Amino acid sequence: MKMARWFLSFCLLVRCATAQQAPWASKDVPISSHDRVYTADQTSNTVSVVDPAENKLLGVIRLGDPVPGALSPLYKGQLLVHGLGYSPDNKTLAVISVGSNSVTLIDTATNKVKGVVYVGRSPHEAFFTPNGRELWVTVRGENYISVIDPVQMKETRRIEVASGPGMTMFGPDGKYAFVCSSFTPELAVIDVASHKVIKRLPQVSPFSPNIAVTPENDEVWITLKDAGKVQVFNAKQPFEQKAVLDTGPITNHVNFANNRNGKFAYVTIGGANEVKAFRRGAAPELIATIPVGELPHGIWPSGDGSRVYVALENGEHCVAIDTVTNKVIANIPIGQTTQALVYVPNAVPNGPGTENLMPLGVAANTARLHLEAGGTALPDAQASVAVNSLGLLDLIQIAARGLSPRTQYQVYLADSNRSPFGKLEPLAVLKTNPDGAGIVQAIGPLKFVGGKDPNSSSPKRFLVVTDTKDSSQVVLRQSNQAENFDH
């Protein structure tokens, strides 16, 4: 009896019990070269493959061509590689491509495509049931979950939910599935065995892109990208709300890590270029704010909870964070405009696991710029910018914050980044969320934005953002701070 009490006290003191990492509540798996980090690279239509033991990019799985080739009526590859999930045996990666309405199943040991399943309009994310028998795909452009048999590689049923399902995640025991919505302020709870919706819970706002269930199966966390918040629910009946956290502009993804210091939730705050760490409990407590780089998006813990990996959407890198020190310890190049990221322990049981991988190619060519407040009306306005090479064209993505809520702004190319700015060429319209943040993209011959293209006689031009009704009212302008050109 004394020995049992001593052992319990010892484990509570040093928290040495298995960390039960998400999403399968598996025992700790120490980081090794058998593990893989995967990122879904939307602009380059690739999956980047990283060895976390060396924090090194091994190559990419090329699922399609970049724009403009991907827009051909004869194009047969995948378009807008966006979401990721993996099987509980760690042998199969599921990759969602939003533009081609597809789920690509990949063998993790060989990086070989096993097959492609086509579903409804604009799927967003997919995840396997804890028993591995079904793959649930949220079809965000419609109002249902497509249930896939991963062996037969075909849809077996549809589960109707509110319009715009964003992501499904299962409790580790496999009893319930939780589905957040990106168009409707509603979180659905589904009984997995019967495939029936048993509860509908109110979301604080309509746009939730990401959801995670704690490895202890006690909490559900959803991110609210339009409102800059995180909402926490009980993962068991009656599924009541437990907390609403103000997190920051462009709150993207959430995940969990347990270590000797406790149990933590990590949230990517895209508009602030940081990750926030919360100590989990009855009242979640912010314990660290970690600067990581431009527009952090996907996040996932290592198999032992010692690190979390974060994809930088506008940085074309992923970073590794030590969860004990909450410091960035590595920065690894990946593909362009990365969305989701997953960490798969023991993905490659034997061999180097580099078969069927390709180099980044033009996806390594990126310029990163910064926009600062253009006047005194919105002094906190700023934005990160990525100019991604697409061969003859570039895709530019601007992620802004500190602007007026629910407002439209005009993005221009200008002759100067100083008043009077010169000739203005319209480029895109930026729309902000209720928290005054927003993301906009445009495609064109933009290599000379912020720096002269050596193959062009065009002069250097700059990005400015103005009031839509009065172009003289500049709210953001390209700064003179050092720019990072990879091409």
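Please read all numbers here as calculations on a predicted model, not as lab measurements.

About the thresholds
Residues numbered from 1 in each chain as written. Predicted model: local features only at pLDDT ≥ 70, side-chain atom pairs only at ≥ 80, totals over all residues. Heavy atoms only, no water. Helix = DSSP H or I, 4+ residues; strand = E, 2+ residues; numbered from the N terminus. Rg over C-alpha atoms; globule rule 2.2 N^0.38 Å. Buried < 20%, exposed > 50% of the residue type's maximum accessible area, 1.4 Å probe, protein only. Contact = heavy atoms within 4.5 Å. Areas by Shrake-Rupley, 256 points an atom, 1.4 Å probe, with all protein chains shown as cover. Lys, Arg positive; Asp, Glu negative; His and termini not counted. Charge placed at Lys NZ, Arg CZ, Asp CG, Glu CD. pLDDT = per-residue confidence, 0-100. Pairing = 2+ DSSP bridges. Axes fitted to C-alpha atoms, helices over the stretch in contact; angles between N-to-C directions. Core = buried A, V, L, I, M, F, W, Y, C linked by side-chain atoms within 4.5 Å. 1 Å grid on protein atoms, 1.4 Å probe; cavity = no way out; pocket = protein on both sides within 12 Å on 5 of 7 lines; lining within 4 Å. Points joined across faces, edges and corners; volume = space filled by probe spheres on them. Phe/Tyr/Trp six-rings, centres within 6.5 Å; stacked < 30°, edge-to-face > 60°.

### Focus on the overall build of the protein chain
Check the secondary structure of the protein chain and you find 1 helix and 37 strands. For 487 residues, the compact-globule estimate of 2.2 N^0.38 gives 23 Å, and the C-alpha radius of gyration of the protein chain, at 22 Å, lies within 12% of that figure. C-alpha extents for the protein chain along the principal axes are approximately 80 × 45 × 45 Å. Burial status across the protein chain gives 59% buried among its 487 residues. For the protein chain, the proportion of contacts with a sequence separation of at least 24, taken over those separated by at least 6, is 51%. Just so you have it, the protein chain exposes about 19,000 Å², and 52% of that area is on carbon and sulfur atoms. Where the 44 positive side-chain charges of the protein chain centre and where its 42 negative ones centre are 3 Å apart.

### Structural notes on the confidence of the model for the protein chain
This prediction gives the protein chain a mean pLDDT of 90; 92% of its residues lie at or above 70. Here residues 482-487 is a poorly scored stretch, pLDDT under 50, and it has 23 contacts once near neighbours within four places are set aside; other chains count.

### What to know about the sheet that holds strand β26 (residues 317-322)
Taken together, the 4 strands give an open sheet; going across it, the order is β24-β25-β26-β27, and neighbouring strands pair in antiparallel fashion. A single partner strand is all that each edge strand has here, and the edge strands are β24 (296-301) and β27 (327-333). Taken pair by pair, the neighbouring strands of this sheet meet at an average axis angle of 25 degrees, ignoring direction. Bridge count between β24 and strand β25 (residues 307-312): 4 bridges; the pairing is antiparallel. Within β25, the residue paired with Ile-299 across the bridge is Val-310.

### Details of the sheet that holds strand β6 (residues 102-107)
Strand order across the open sheet formed by 4 strands is β4-β5-β6-β7, with antiparallel pairing between neighbours. Looking at which strands have only one partner, the edges of the open sheet turn out to be β4 (81-86) and β7 (112-118). Adjacent strand axes in the sheet meet at a mean angle of 25 degrees, parallel and antiparallel pairs treated alike. Bridge analysis of β6 against β7 gives 6 bridges, and the strand direction is antiparallel. Bridge pairing in β7 places Leu-105 opposite Gly-115.

### Some thoughts on the nonpolar core
By size, the foremost hydrophobic cluster in this structure holds 74 residues, and its most contacted members are Tyr-38, Leu-93, Val-103, Leu-135, Trp-136, Phe-178 and Ile-211. Apart from residues no more than four positions distant in its own chain, Ile-211 is found in contact with Met-167, Thr-168, Met-169, Phe-178, Val-179, Cys-180, Leu-187, Val-220, Trp-221 and Ile-222. If you look at the next biggest cluster of nonpolar residues, it comprises 23 residues, including Ala-381, Leu-413, Val-440 and Ala-442.

### Considerations on the layout of surface pockets
Volume-wise, the largest pocket comes out at about 670 Å³. As for the largest pocket, its lining consists of 26 residues, of which His-82, Arg-140, Phe-207, Lys-225 and Gln-339 are closest to the centre. Of all the secondary-structure elements, those providing two or more residues to the lining of the largest pocket are β8 (123-128), β28 (338-344) and β34 (438-444). Element by element, the count of residues in the lining of the largest pocket is highest for β34, at 3 residues.

### A look at the packing of aromatic side chains
Evaluated as defined, the whole model comprises 10 aromatic pairs. Taking the centre distance of 5.0 Å and the plane angle of 75 degrees together, the rings of Trp-136 and Phe-170 count as edge-to-face. Taken together, the residues span a long stretch of sequence, with Trp-136 in strand β9 (residues 135-139) and Phe-170 in strand β12 (residues 165-170) at a distance of 34 residues. Accessibility expressed as a relative area gives 0% for Trp-136, which makes it buried. The exposure class assigned to Phe-170 is buried, which follows from its relative accessible area of 2%. Aromatic side chains Trp-221 and Phe-256 sit 5.8 Å apart centroid to centroid with 80 degrees between the ring planes, which places their arrangement in the edge-to-face category.

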